[in-house]
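# Per-entry structural report
For reference, the chains in residue letters:
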Amino acid sequence: MAKLVQSKIAYGGDYNPEQWPRDVWDEDVRMFELANIDIATVGVFSWVKHQPNEETYTFEWMDEVLNHLHNHGIRACLATGTAAHPAWMAKKYPDILRVDFAGRKHNFGQRHNSCPNSPTYRKFSVALAEKLAERYKDHPALAVWHISNEYGGACYCDNCAREFRVWVKNRYHTIDRLNEVWNTAFWGHTFTDWDEVVPPNLLSEHMSESQPTRTAFQGISLDYSRFMSDSILACYRLEYDAIRKHTPNIPITTNLMGTFKPLDYFEWAKYMDIVSWDNYPAYDTPPSQVAFRHDLMRGLKHGQSFMLMEQTPSQQNWQPYNSLKRPGVMRLQSYQAVAHGADTVMFFQLRRSRGACEKFHGAVIEHVGHEDTRVFQETAQLGHELKQLGDRLLEARTKASVGILFDWANWWAVEYSSGPSVDLKYVSEVTKYYEALYNEHISVDVIGKETDFSQYDIVIAPVLYMVTQQDAEKIRAYVKNGGKFITTFFSGIVDEHDLVHLGGYPGPLRDVLGIWSEEIDALPPNKHNQIVVQEADGRFQGTYDCFMLYDRIHSEGAEVLAVYGDDFYRGEPVITRNQFGQGFAYYVASSPDDRFLRDFLRVICEKSSIQSLIQASEKVEATLREKDGQAYLTVLNHSSEPQAVTLLAGRGTDALSGRVVEGSFVAEPYGVYIIQLKII
Amino acid sequence: MAKLVQSKIAYGGDYNPEQWPRDVWDEDVRMFELANIDIATVGVFSWVKHQPNEETYTFEWMDEVLNHLHNHGIRACLATGTAAHPAWMAKKYPDILRVDFAGRKHNFGQRHNSCPNSPTYRKFSVALAEKLAERYKDHPALAVWHISNEYGGACYCDNCAREFRVWVKNRYHTIDRLNEVWNTAFWGHTFTDWDEVVPPNLLSEHMSESQPTRTAFQGISLDYSRFMSDSILACYRLEYDAIRKHTPNIPITTNLMGTFKPLDYFEWAKYMDIVSWDNYPAYDTPPSQVAFRHDLMRGLKHGQSFMLMEQTPSQQNWQPYNSLKRPGVMRLQSYQAVAHGADTVMFFQLRRSRGACEKFHGAVIEHVGHEDTRVFQETAQLGHELKQLGDRLLEARTKASVGILFDWANWWAVEYSSGPSVDLKYVSEVTKYYEALYNEHISVDVIGKETDFSQYDIVIAPVLYMVTQQDAEKIRAYVKNGGKFITTFFSGIVDEHDLVHLGGYPGPLRDVLGIWSEEIDALPPNKHNQIVVQEADGRFQGTYDCFMLYDRIHSEGAEVLAVYGDDFYRGEPVITRNQFGQGFAYYVASSPDDRFLRDFLRVICEKSSIQSLIQASEKVEATLREKDGQAYLTVLNHSSEPQAVTLLAGRGTDALSGRVVEGSFVAEPYGVYIIQLKII
Amino acid sequence: MAKLVQSKIAYGGDYNPEQWPRDVWDEDVRMFELANIDIATVGVFSWVKHQPNEETYTFEWMDEVLNHLHNHGIRACLATGTAAHPAWMAKKYPDILRVDFAGRKHNFGQRHNSCPNSPTYRKFSVALAEKLAERYKDHPALAVWHISNEYGGACYCDNCAREFRVWVKNRYHTIDRLNEVWNTAFWGHTFTDWDEVVPPNLLSEHMSESQPTRTAFQGISLDYSRFMSDSILACYRLEYDAIRKHTPNIPITTNLMGTFKPLDYFEWAKYMDIVSWDNYPAYDTPPSQVAFRHDLMRGLKHGQSFMLMEQTPSQQNWQPYNSLKRPGVMRLQSYQAVAHGADTVMFFQLRRSRGACEKFHGAVIEHVGHEDTRVFQETAQLGHELKQLGDRLLEARTKASVGILFDWANWWAVEYSSGPSVDLKYVSEVTKYYEALYNEHISVDVIGKETDFSQYDIVIAPVLYMVTQQDAEKIRAYVKNGGKFITTFFSGIVDEHDLVHLGGYPGPLRDVLGIWSEEIDALPPNKHNQIVVQEADGRFQGTYDCFMLYDRIHSEGAEVLAVYGDDFYRGEPVITRNQFGQGFAYYVASSPDDRFLRDFLRVICEKSSIQSLIQASEKVEATLREKDGQAYLTVLNHSSEPQAVTLLAGRGTDALSGRVVEGSFVAEPYGVYIIQLKII
């Protein structure tokens, strides 16, 4: 696949010169140079500028933009601009307009507003992408392609209904098979003809506007989620193919959005040369959550470096409370991205818009227009540092011994479930495990079902509700060969169609886990139970709290590590470990408190000789990227107070300050240290 | 009317063999026999299975089901299956699809999804019911008919609009009368032609999606509620008539849902041979609320035994938190139903579905498929007990001296009211009175406006907002002849059209109550007042809290039992008693705390020599059913702790344990005692 | 302009005799006379009564009503009745029906339900108004015209879309200019033809049903707000013109609603002979808020007396909790209106309706129908007092030295803003300043952008987000000439198109304020900062809290009066004062606590020799109206406790009691004193 050619961490962001008079462009590049900005994303919303009517293309302005950037040493991340259709197109071809979840046909407005199955949209978007590729394929500024923007949004129009029928027919071939996998005998929903199938929305199988996941038929809704992810991916791929044939060596991406539910990014990443994503934590998002999203994005292409395509230099506009990033925090978050695998640091946006809904979103160049702002000064300082840093971290790899499984179809299915508890949220359960390891400063990969498990000592798959026979076989083989596998309550319940594995939970994982889960209790938030750890494990003991769901499990060979402390299942197993071949499979039958997870995972990691990168409080983050025999330990202090840090492996030189770091040191408030390690 | 023939409490539930391969059916009956299951409800959602297209009926599979059941001694509750139309019908005849409150035409999906005024729906549903009756009228397994399922849901389509106009024309005859009863002179809504009338929904008289009872015209909305209840009842009756002519001796029912607002069940019950209902308390529903619903269902047909058609053996799936029923609780709740008049104990469902939204709803046979589960063992144990119990309680009657009035039209009208307080909820106010007597272990009948009051010493009618002249006459006669009548604030305000009785509240009840209510104060939840009880009554005194609404009343002959303790109406009457003929009429001018109601009602009961069945804490429930000179006192301990119980009348033998019970005893956690009394 | 002729404060209210039989009308006037009622608003919802079909007008009943009133000495406020169209019209001409924000076409129902751009609505409403004017122009009862009722509500139908295109074309002339002012280059929304413009609603630029102000394009939404206010005003003006030509000397009004967001009442008031409004405080509305609304209504026509068109005698029906007005409170609130400039005291309504949604709204004649009610007695007592009061306060003027700016377009723009904080509400910020002065008993005028500032010593313009160059010039001139101008954070940001003033906030106010606001921090409600007042001002010092938004400002000449006490901008300016010409301009960079505002404004008032009217607690309100050399100091005790009051200027005679008041006295609970002052 084509690679992003770079000799340093690319630095820049979204740039919309079409919103400004020509004379502003000169001022722009003057300031870009002050900040060592060397990449600009252009054309993201330029469709109508490129194509003011069906017959006419007007690329001359973009010629000038690209030449202008190139003349000032700035490379282009060139967008195809197909994320918002032109007003004239909406008027002339209403089939491009979406029908929403409530069945309402929309008018022209907003963005990400096209029906993905509209033939008109597909024809015009691909034509534009191809014309751009033809025109700029040899432009010296062209560094990377940016297809559309933040893809998302579902449609329920008649076009989509028609294509959905084609999709299910291709998948299931016969109407009998369709009825079987959707279990339509329930409530007498048996289809006798493909044409009877309608999209599952508020006018059909879904029950509540405020709870859009409440569906009468999980199988239908799940397949529609797959179909929509596929439909939108098809739009992307059509543009990709149109571009690829003209520029085989320029990498192509589209900017993803972290834990964005509607699109199965593991599937998408297969068709992206490089992953890029937009990182917008709220004022109260814990750093561990941001770290998780970075690791997820890195995991999409199995550890390959990604692009930080967007972040705000300071303020957002669409949060309820859009606080400024405190001095140093933008730098800190930029290095956090790099520490997790980003090879670019890019902003939305380089110059703030004058009007419309993002005018209060931060930008490198603020409305005041000059460089004497806190935000610009911090941006320029970071630009200077990144230049100094050179190519040191480019394409460096993270080596983790722990993999945490994340699966989109599982996410959809878990949250479409009617019962046992409305509080069950897939991402929350996954990130609880992630955070326990993050707090221990242990490196983690976030992996998909198709990832090779054998590279990990430990694989954690929280709430692995949806398990196919093939999945189970893979897990079984992994454990048999010595792997440690950890899963939880509400796992192994259904197959890929959301049909329950009959014969006892956790279905095809029952033998590898050595347990049978008889029933699943669900209690309201004001109730909880305890995990009473037996001494059996010898490493930790005591009583912890657990919440939400409570599997009543029976050991079928597994060792009982802990029992419930309360309720009618007091004394019954809650944590088990089953030896299976050379490995072990653990079952966590309820949702534990953080303290338990930390103790529990620490013991397992210690047994696998997996070590913490540093010793420090939970407010300090550490990652390790390796490249050409060099290891870069990044230490990030996310607090506004100094924090003590002890290196556990080696000493080294901080690439930012040039100072030698060894043993213990005090990390400054919002301090960043990129320590080129010497192992001692 | 046809009766359910039975020699013991029928035990079983919903059974959907069409969701399973044929070989599973054999396993099903094996397990049914283990649990002494002797009744199965079949065909509830089998329309498309019976009729895969307009021309074809395919009953052979049902022949096999019924024969199979019969061969294993299991009787059938045979459903007509018309609660969810087939997909082919929705596609071919879109007039069967509902238009919702927001005016949106729905597509195929969910269930209870047919427009009740669709000629297509009526034609096809009746045809199916009749064909089933013809085919199975002589089948030996046939025990009872089950029409449709959990009727409900309103429609606002053009068909309904047209039929609504017919309905109002039949009711009011002239457009002038229509304008008068709906008070259309207000806001100039005067109709000059029937065709101007449109259904009252979010697109016409209703103001808020989140508060669907906010209407500009109560009269129109109230009549539409009546019309919808009538329209849906008409669907039921058409099926009833089609079946009745073929099987005059098989009872016909449809499963009701307790305090289900949209349908006036007192009206419905007139057309049901036996009442049946589905009991689904949430994890935090107080037992007294469940008791109330049972008594309401029993009251629909004036004390006749009813069927417990559905309950879950353990877990539900559609609650926010679907807790397991604790060991013993399913048994306890089953006997609670029996204690209140159920002659069947039935579950939804016998075998758990593999897919779709109810797969996490509990069932007798769980996904694991075998009998070694807690749930199955408890089910089987209860089956054994019910067999032992034999015919002892069948058709036994509850004899109550207190009747609590419940009226659907009043419910609708109270909650359509704009002002005085959004917190006023009819069921809450009624059940406050019920609960006070429940806690005193005093038997209560829940009665309708058409019930004969003279059989009760006390009739309580909380928030009897809607009172016709005829209603008032009945109450007046009841009190005159010695009855004790208790009503509250916000009573006697309007007639059946929601038109205010001019001349002073409580309108036609003013003389019998001996008071005039001048104005009604409404205060927010953080404010309250006091009920200061005078010594006049001699039996209890002190100060209690009261809430929400505060009538400012003047005695016009009534004795003042208590006065307000606060605010500008401090010292004014809040509780009055009026002697009227041989009886007394009480007025409670505000919503009192529980402590007041208990003391207040105890004194009145004592004066009427109405005694508690037992002496015990509020966690213990007691009921009495009588039959053939035998009295069965059921004592239910709803707590997980032992509870002391003292019998107040007689001693007897516990029909479950065979032990003699006398005087005081300790009821076990979740314990049940059915004591065949000897009066001493 | 035509004036309301009166010799005393007119007393009466809405009267709907068409809801009652003819014999009730006699009883009505009997009771009106008991209460000294001398004005009745008739015909408010009488369209269908006047015009039962397209061809027929039936005014005979109104002849009788007016004659009947006149015969009993009661004058008429004659309504045109066009606030709710007839049912027959909705059926025959569906173009009069509204399309709502979600794009749903409504059916007949409710009121204020006509599309303002419907040609049918305009034709028929104007025809009716004209016919009424022709018929009653010489009727001796006719005192004032009341067009429609409580105008409001937006429409998004095709008619409106078409008219909106005409409106924007008239405003912007070229499509290029349209694209510029709406900044459509953002997100590529550039229009290439006027016909591509669609109304901004949930189907186009708006993003959320629950947050209707969330728009992608503020410019479009803002212009649609203007367009809707203009469209509805056009309906009013068409009726006005039709009436005016027949009755040049009868004043014409329509009843406004205080701080009602959708209509720019400053624009409306230009076309009203006299302002009238409906005052409906909730049980928990602070008296200062009511005072603010009165002053806003008075400000619409620059101090001219207004009509209190509606208030409830006691209870409302559409609040969540509709408490009774405590004894004395209706009188108190009536005099509060008079104290702020009302020359009428009028109720909704004179006789309570029997049915529909306002039957639980209070009225002078309650459902009981007789005069022996608390409400009637209080009404009659007030009628007697007002008669005694005679013409004393009529047309008296309030003389204030402080003006607070209120601007509708600014309101719309502030709340359409995406960021920085969802908590920013324009009215709340304005009334914080109002309340600080209210609590100090200092008179205030609420003024519009077109008001002459030079009459005020101090002009306060909180959150003056939208500032044109012309606005800035006016402010600059005001300060230069010696005025004191106070503004706050989030001011001077955008022009009339919601386009940011480039070059640094507060844009064109930067020089007059002597500051630059670099960035705006927004924090969640659980965080705050401090205002640390320097001693520089010499008059007050200390530390206060501030909230929500925090401008980071730099002095460019302004004196720093206070600094932030916390966060990374601790020590940076938060309150500044800039001398500019002869005057001073103050900037308040965050939202302060009440204590700060009181201290801050008191000092500034003292410097301008602006004095309090009385000395008393915040529970006592005081106003001063002057006329013909007489000054009327009204003192209102809003509490249920006696309050000490000290007169600060003069002594006088209480026009209500006839007693001399001097120095200090104790105001009774809910007491009212109208003191005809002698200045000493």
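Residues numbered from 1 in each chain as written. Chains lettered and ligands numbered in written order. Predicted model: local features only at pLDDT ≥ 70, side-chain atom pairs only at ≥ 80, totals over all residues. Heavy atoms only, no water.

## Some thoughts on the overall build of chain A
Along its length, chain A carries 17 helices and 29 strands. Rg of the C-alpha trace for chain A: 26 Å, near the compact-globule value of 26 Å for 680 residues, within the 12% margin. Taking the principal axes of its C-alpha atoms as reference, chain A extends roughly 75 × 70 × 40 Å. In chain A, which comprises 680 residues, the proportion classed as buried is 70%. Restricting to contacts in chain A with at least 6 residues of sequence separation, those with at least 24 account for 73%. As displayed, chain A offers around 21,800 Å² of accessible surface, 47% of which is attributable to carbon and sulfur atoms. Taking the average location of the 67 positive side-chain charges in chain A and that of its 88 negative ones, the two points are 3 Å from each other. (Helix = DSSP H or I, 4+ residues; strand = E, 2+ residues; numbered from the N terminus. Rg over C-alpha atoms; globule rule 2.2 N^0.38 Å. Buried < 20%, exposed > 50% of the residue type's maximum accessible area, 1.4 Å probe, protein only. Contact = heavy atoms within 4.5 Å. Areas by Shrake-Rupley, 256 points an atom, 1.4 Å probe, with all protein chains shown as cover. Lys, Arg positive; Asp, Glu negative; His and termini not counted. Charge placed at Lys NZ, Arg CZ, Asp CG, Glu CD.)

## Here we look at the environment of methionine 257 of chain C
Residues and elements named next belong to chain C. Structurally, methionine 257 is set in the loop between strand E6 (255-256) and helix H9 (265-269). Judged by its relative accessible area of 23%, methionine 257 falls in the partly exposed class. Sequence separation between methionine 257 and alanine 40 is 217 residues; the distance between their C-alpha atoms is 19 Å. When neighbours within four sequence positions are excluded, methionine 257 is seen to be in contact with Glu150, Tyr151, Tyr265, Trp277 and Asp278.

## Quick notes on the UniProt feature "binding site: Zn(2+)" (unreviewed entry) in chain A
All names here are of chain A. Following the UniProt record, one finds the feature "binding site: Zn(2+)" (unreviewed entry) at Cys115, Cys155, Cys157 and Cys160. In terms of the greatest pairwise C-alpha distance, the residues named above, spread along 46 residues, form a tight cluster of at most 7.9 Å across. The topology assignment puts cysteine 155 in the loop between strand E4 (142-146) and helix H6 (158-172). Setting aside residues up to four positions removed in sequence, cysteine 155 forms contacts with Arg98, Val99, Cys115, Pro116, Cys160, Tyr224 and Met228. Filtering out sequence-adjacent residues up to four positions away, cysteine 160 remains in contact with Cys115, Asn117, Cys155, Tyr224, Phe227 and Met228. (UniProt positions renumbered as here; feature names shortened; annotations may be inferred.)

## Topic: the pairing of strand E13 (residues 458-461) of chain C
On a regular strand, each side chain points to the face opposite its neighbour's, so the side chains alternate between the two faces of the sheet. All names here are of chain C. The alternating pattern of E13 places Ile458 and Ile460 and Val459 and Ala461 on opposite faces, both of which are buried. Here strand E11 (residues 402-405) pairs with E13 via three bridges, running parallel. Looking across to E13, one finds that valine 402 is bridged to isoleucine 458. The parallel pair E13 and strand E14 (residues 484-488) is bridged by helix H15 (residues 469-480), and the resulting crossover is right-handed. (Pairing = 2+ DSSP bridges. Right-handed = clockwise from strand over helix to strand, strands pointing away.)

## Details of the relation of the copies chain B and chain A
Take chain B, turn it by 120°, move it 0.1 Å along the axis, and it overlays chain A with an RMSD of 0.1 Å. Taken together, the rotation and translation relating the two chain copies correspond to the operation of a three-fold axis. Closest approach to the rotation axis among the C-alpha atoms of chain B is made by arginine 104 of chain B, whose C-alpha sits 5.3 Å away. When the interface residues of chain B are mapped onto chain A, a mere 2% of them again fall at the interface, so the copies present different faces. (Least-squares fit on C-alpha atoms with pLDDT ≥ 70 in both.)

## Details of the sheet that holds strand E26 (residues 651-654) of chain A
All names here are of chain A. Within the open sheet, the six strands sit side by side as E10-E23-E24-E29-E26-E27. Their pairing is antiparallel. Either end of the sheet is taken by a strand with one partner, and the two such strands are strand E10 (397-398) and strand E27 (660-661). Pairing of strand E24 (residues 630-637) with strand E29 (residues 672-678), which is carried by five bridges, proceeds in the antiparallel orientation. Bridge assignment links threonine 634 to a residue of E29, and that residue is isoleucine 674.

## Here we look at the interface of chain C and chain A
Listed per partner, the contact involves 57 residues of chain C and 48 residues of chain A. Roughly 4,500 Å² of surface becomes buried between chain C and chain A when both sides are summed, with 58% attributable to carbon and sulfur atoms. Joining chain C to chain A, the criterion identifies five salt bridges. There are 27 residue pairs in polar contact (both at pLDDT 80 or more) connecting chain C and chain A. The element that contributes the greatest number of residues to the side of chain C that touches chain A is strand E15 (residues 515-522) of chain C, accounting for six residues. (Buried area = accessible area lost by both parts, 1.4 Å probe. Salt bridge = Lys/Arg side-chain N within 4 Å of Asp/Glu carboxyl O. Polar contact = N/O pair within 3.5 Å; in protein donor to acceptor, adjacent residues only side chain to side chain.)

## Observations concerning the relation of the copies chain C and chain A
When chain C is fitted onto chain A, the two copies agree to an RMSD of 0.1 Å after a turn of 120° and an axial shift of 0.1 Å. Here only 2% of the contact residues of chain C are again contact residues in chain A; the copies associate through non-equivalent surfaces.

## Here's the deal with the environment of aspartate 195 of chain C
Along the polypeptide, aspartate 195 of chain C turns up in the loop between helix H7 (175-181) and helix H8 (218-244). Judged by relative accessible area, which is 40%, aspartate 195 of chain C ranks as partly exposed. Considered as a pair, aspartate 195 of chain C and glycine 390 of chain C are 195 residues apart in the sequence and their alpha carbons are 59 Å apart. If we skip the residues at most four places from it in the chain, aspartate 195 of chain C touches Lys91 of chain A together with Arg165 of chain C.

## Overview of the interface of chain B and chain A
Listed as interface residues are 48 residues of chain B and, on the opposing side, 57 residues of chain A. Overall, the association of chain B and chain A removes approximately 4,500 Å² of surface from exposure, summing both partners, and the carbon and sulfur fraction of that is 58%. Linking chain B with chain A are five salt bridges. On the surface where chain B and chain A come into contact, there are 27 residue pairs in polar contact (both at pLDDT 80 or more). Every element with two or more residues in the side of chain B that touches chain A is listed here: helix H4 (87-92) and helix H12 (374-389) of chain B.

## Some words on the UniProt feature "domain: Beta-galactosidase C-terminal" (unreviewed entry) in chain A
Residues annotated in UniProt with the feature "domain: Beta-galactosidase C-terminal" (unreviewed entry) correspond here to residues 619-676 of chain A. From the first C-alpha to the last, residues 619-676 of chain A spans 22 Å; its make-up is 0% helix and 62% strand.

## With respect to the pattern of salt bridges
For the coordinates displayed, the defined rule picks out 135 salt bridges over all chains. For aspartate 38 of chain B, the salt bridge goes to lysine 8 of chain B, with nearest N and O atoms at 2.6 Å. Of the two residues, aspartate 38 of chain B sits in the loop between helix H1 (22-34) and strand E2 (39-42) while lysine 8 of chain B sits in the segment before strand E1 (10-15), which places them 30 residues apart along the sequence. Pair check on accessibility: aspartate 38 of chain B and lysine 8 of chain B agree, each one buried. In this structure, lysine 449 of chain B and aspartate 471 of chain B form a salt bridge, with 2.7 Å as the shortest nitrogen-oxygen distance. Separated by 22 residues along the polypeptide, lysine 449 of chain B in the loop between strand E12 (444-447) and strand E13 (458-461) and aspartate 471 of chain B in helix H15 (residues 469-480) bring together distant segments of the chain. Of the two residues, lysine 449 of chain B and aspartate 471 of chain B, both sit in the buried class. Through salt bridges that share partners, Asp100, Arg104 and Glu209 of chain A, Asp100, Arg104 and Glu209 of chain B together with Asp100, Arg104 and Glu209 of chain C make up one connected network.

## Thoughts on the packing of aromatic side chains
Inspection of the entire model under this criterion finds 147 aromatic pairs over all chains. Aromatic side chains tyrosine 11 of chain A and phenylalanine 347 of chain A sit 5.6 Å apart centroid to centroid with 70° between the ring planes, which places their arrangement in the edge-to-face category. Here tyrosine 11 of chain A, found in strand E1 (residues 10-15), pairs with phenylalanine 347 of chain A, found in strand E9 (residues 342-347); they are 336 residues apart in sequence, far enough to count as distant. The class for phenylalanine 347 of chain A is buried, based on a relative accessible area of 0%. Through pairs of rings, three or more aromatic residues link up here, namely Phe260, Tyr265, Phe266, Phe292, Phe406, Trp408, Trp411, Tyr426, Tyr434 and Tyr438 of chain A. Just above the ring of tyrosine 57 of chain B sits the side chain of lysine 131 of chain B; from NZ or CZ to the centre is 4.8 Å. The ring of phenylalanine 453 of chain C has lysine 474 of chain C lying over it, and the distance from NZ or CZ to the ring centre is 4.4 Å. (Phe/Tyr/Trp six-rings, centres within 6.5 Å; stacked < 30°, edge-to-face > 60°. Lys NZ or Arg CZ within 6 Å of the ring centre and 35° of its normal.)

## Some points on the sheet that holds strand E23 (residues 620-627) of chain B
Strand pairing within a sheet occurs via backbone hydrogen bonds; the two strands may be parallel or antiparallel. Residue and element names in this part refer to chain B. Within the open sheet, the six strands sit side by side as E10-E23-E24-E29-E26-E27. Their pairing is antiparallel. Taken across any chain shown, the strands that pair with only one partner, and hence form the sheet edges, are strand E10 (397-398) and strand E27 (660-661). Note: strand E26 (residues 651-654) against E27, two bridges, orientation antiparallel. Looking at E27, one finds that threonine 653 is bridged to valine 660.

## Re the domain arrangement of chain A
What the domain assignment reports for chain A is domain 1 (10-152 + 232-391), domain 2 (158-223), domain 3 (402-607) and domain 4 (614-677). If you average the C-alpha positions of domain 2 of chain A and of domain 4 of chain A, the two centres end up 53 Å apart. (Domains from an automatic or database assignment.)

## What about helix H13 (residues 408-416) of chain A?
All names here are of chain A. Among the nine residues of H13, nine are classified as buried, and the element is accordingly described as predominantly covered. Considered for burial, the residues of H13 that qualify are Trp408, Ala409, Asn410, Trp411, Trp412, Ala413, Val414, Glu415 and Tyr416. Residues of H13 that are buried sit in contact with helix H8 (218-244), helix H9 (265-269), helix H10 (287-300) and helix H14 (426-439). The N-capping residue of H13, defined by a side-chain oxygen 3.0 Å from the backbone nitrogen of asparagine 410, is aspartate 407.

## Regarding the packing of helix H10 (residues 287-300) of chain B against helix H14 (residues 426-439) of chain B
Residue and element names in this part refer to chain B. Interaxial distance between H10 and H14 falls to 10 Å at its minimum, and their mutual angle equals 105°. The angle between H10 and H14 falls in the class roughly perpendicular. Here H10 contributes Pro287, Ser288, Gln289, Ala291, Phe292 and Asp295 to the contact with H14, which in turn contributes Val430, Thr431, Tyr434, Glu435 and Tyr438. Class assignment of the residues belonging to the contact of H10 with H14 gives a composition of six nonpolar, three polar and two charged. (Axes fitted to C-alpha atoms, helices over the stretch in contact; angles between N-to-C directions. Parallel < 35°, antiparallel > 145°, perpendicular 65-115°, else oblique. Nonpolar A, V, L, I, M, F, W, Y, C, P; charged D, E, K, R; others polar.)

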